[in-house]
Amino acid sequence: GAVVSQHPSRVICKSGTSVKIECRSLDFQATTMFWYRQFPKKSLMLMATSNEGSKATYEQGVEKDKFLINHASLTLSTLTVTSAHPEDSSFYICSARVLRYGYTFGSGTRLTVV
Amino acid sequence: QKEVEQNSGPLSVPEGAIASLNCTYSDRGSQSFFWYRQYSGKSPELIMSIYSNGDKEDGRFTAQLNKASQYVSLLIRDSQPSDSATYLCASSRDDKIIFGKGTRLHILP
C-alpha cells in the first residue's frame, strides 16, 4: 500500500518548452504533496508543498511562476516546469505523507533540457 | 534554521559487518524520525520509522532514538553489497519533514 505513481520517469525537452510531471496517490488520499529537486550527488531540496484545493507553498528561492503546481484532487498533483532551461535539468521527486507509515516517494522524473 | 546533520561519508564497511549510521537534529519539537535508502538515480525508499526513545528492530535494521541527545542512528547487521547506497535521515514535525544530506555507505565485498 501507500504508493505514489510519478510520470514520466524521464523526459528530454528543448529549451523554452514546458514540461508537466504528474504524481498520483494510488491507494490513499494525499491532501498534501511535497515536491523536491535533487541535483547529482546532492541532497533533496524541498521546492514546494502542494495542498489540495489551495495554492501551493513555495520554499524561499523557488520561482512560483516557473514551477507551477496544481493539486486539483486528493489523488493528483502536478508540477509544470515552464520555459525550461538547461539549468532546470534535475531529478524531480514528489512525496506524500501517509498516516502511520511516514512519507512515501514517487519514483522520480529525470528532466534533461537541451 | 532547523537542520538534520549527517556525516556525508563515504562510510566503508566490510561485508558481514555492522554498519552504523548517525544523525543529529536541531528541532526539539520533532515528533517522528525516518531513515531512507536511496540508490543512485532512484528515489528514496523508507527503511525505518521511529517515534519514541529506544530501539526499534526490523530484520537486519535497528533504529535508535535518543530525544534528550537529539540523536538518531541506524544499525545494519550482516551488511550486504546491496546495502551500498545513500542513507537519508529525516525528522518531521506537524507534517513538515526535513532531510539530512545523506551518508554514502559502501559495503566492501
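Residues numbered from 1 in each chain as written. Chains lettered and ligands numbered in written order. Predicted model: local features only at pLDDT ≥ 70, side-chain atom pairs only at ≥ 80, totals over all residues. Heavy atoms only, no water.

(A) Summary view of the overall build of chain B. Within chain B, the secondary structure is distributed over zero helices and eleven strands. In chain B, the order of α-helices and β-strands from amino to carboxyl end is β-β-β-β-β-β-β-β-β-β-β. Over its C-alpha trace chain B gives a radius of gyration of 13 Å, about what one expects of a compact globule, namely 13 Å for 109 residues. Burial analysis of chain B (109 residues in total) assigns 44% to the buried set. (Helix = DSSP H or I, 4+ residues; strand = E, 2+ residues; numbered from the N terminus. Rg over C-alpha atoms; globule rule 2.2 N^0.38 Å. Buried < 20%, exposed > 50% of the residue type's maximum accessible area, 1.4 Å probe, protein only.)

(B) Region of interest: the sheet that holds strand 3 (residues 19-25) of chain A. Residue and element names in this part refer to chain A. As summarised here, the arrangement of the four strands in space is 1-3-8-7, forming an open sheet in which the pairing is antiparallel. Whereas interior strands pair on both sides, the edge strands pair on one side only; in this sheet they are strand 1 (4-7) and strand 7 (67-73). Strand-to-strand twist in this sheet, taken as the mean axis angle between neighbours without regard to direction, amounts to 15°. One ladder, built from six bridges, connects strand 3 with strand 8 (residues 76-81); its direction is antiparallel. Directly across from C23, in strand 8, lies its bridge partner S77. (Pairing = 2+ DSSP bridges. Axes fitted to C-alpha atoms, helices over the stretch in contact; angles between N-to-C directions.)

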